[in-house]
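If you want the building blocks of each chain, they are given just below.
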Amino acid sequence: MAEKIAFTKMHGVGNDFVIVDGRDSNDHDWSALAVEMCDRHMGIGADGLIILERTLFADLMMRMYNPDGTPDVCGNGLRCVARYAVEEGIVNKDILYIGTLAGVRRAQLHRDESGQIVAITVSMGQPQFEPASIPMHVAQEPVIDFPLEVMPGETLLITALSTGTTHAVTFVPELPDDERFLAISPLVERHPLFPERTSLMWCVLEAPNVLSMRIWERGAGETWGCGTGACAAAVAAVLKNCASPNVPITVRSKGGELIVRWRPGAEIEMTGPAERVYRGFYPLCQ
Ligand SMILES: N[C@@H](CCC[C@H](N)C(=O)O)C(=O)O
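Residues numbered from 1 in each chain as written. Predicted model: local features only at pLDDT ≥ 70, side-chain atom pairs only at ≥ 80, totals over all residues.

Enquirer: Provide a residue-level description of the overall build of the protein, including the pertinent values.
Expert: Looking only at helices and strands, the protein has four helices and 18 strands in total. Taking 19 Å as the expected radius of gyration for a compact globule of 286 residues, we find that the protein reaches 18 Å, a close match to that expectation. When its C-alpha atoms are laid out on the principal axes, the protein stretches across 60 × 45 × 35 Å. Looking at the 286 residues of the protein, the share that counts as buried comes to 45%. Nonlocal contacts in the protein, meaning residues at least 24 apart in sequence, comprise 62% of its contacts between residues at least 6 apart. (Helix = DSSP H or I, 4+ residues; strand = E, 2+ residues; numbered from the N terminus. Rg over C-alpha atoms; globule rule 2.2 N^0.38 Å. Buried ≥ 20, exposed ≤ 12 C-beta atoms within 10 Å, placed from the backbone. Contact = placed C-beta atoms within 7 Å.)

Enquirer: Give a description of the nonpolar core that names residues and reports values.
Expert: Here is a general trend for soluble globular proteins: nonpolar side chains tend to be buried in one another's company. By size, the foremost hydrophobic cluster in this structure holds 79 residues, and its most contacted members are Leu49, Val81, Ala82, Ala233 and Ala234. Take this core: its biggest share by element is 10 residues, from helix α4 (residues 227–239). Mapping this core onto the domain boundaries places at least three of its residues in each of domain 1 (4–125 + 273–283) and domain 2 (143–266). When residues no more than four places from it in sequence are discounted, the contact partners of alanine 82 are Leu96, Ile98, Ala107, Leu109, Ile120, Val122 and Ala274. (Core = buried A, V, L, I, M, F, W, Y, C linked by C-beta atoms within 7 Å. Domains from an automatic or database assignment.)

Enquirer: Could you give me a rundown of unusual backbone geometry, with the residues and numbers involved?
Expert: The peptide bond linking isoleucine 134 to proline 135 adopts the cis configuration, its omega dihedral lying at -15°. Counting through the fold element by element, proline 135 comes out in the loop between β8 (117–123) and β9 (143–151). Located in the positive-phi region is asparagine 246, a residue other than glycine, with phi close to 65°. Tracing the backbone shows asparagine 246 in the loop between α4 and β15 (249–253).

Structure below.
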């Protein structure tokens, strides 16, 4: 009989993931399975596949694969993993430590009076501004409002940084319509100045410390939320004096709101929901 992989579908502000507890599973080509499983027509459909593993350095290790199979770091996925680990009894405490490709992250669950998990706060590490860490081929640090020529006659002012993964943030007067968003975002993702490609956060400053954004993720395309991207946008807003440091910054996207707090020299902190959608079994056809 064909092997079946048990999975749980979860999302954080509409950024959706297939979560697989791989602690005792056979060796699989997770990168290839991410491509299959994340396919919205021929698979389960998701913005990423997350595999849980054992580690000596934290309560749990998470590995996230984009829908194109590339491994990455993931903020919304981090909150989903924290909730999953506690509700599945893998970890029996409301403050836990999760290993990621960018290092160990702290997660704290928040509950209402009835004990229901209502939000999760995660540490997201310190933002990286050195061009080599982003990575971006540019001789400027930090990269604030860099004029990126996307095509003849189209230049975006880009603030670029890494929040564990590469982000370009552009502040615009209004969010782009589909035509503009779909024409320009993939060109920024694959711009030659970003040797490992980049995600692009289109941001509007709605009010002091309130941002709304439209998200293009490297390896995934448009998503409804992006945790590392919300952090990058909030940090960029502070760097550009559009938001105050150490004060909660609300970052809205198609799938909901995240709250981000950062001051120069400190770790980023992000708070938001994580929801379970359904469980299932994925048949392996290999
Ligand atoms: N959605 C994630 C970020 C996923 C990584 C992105 N696709 C990339 O390649 O950088 C998040 O919530 O942080």
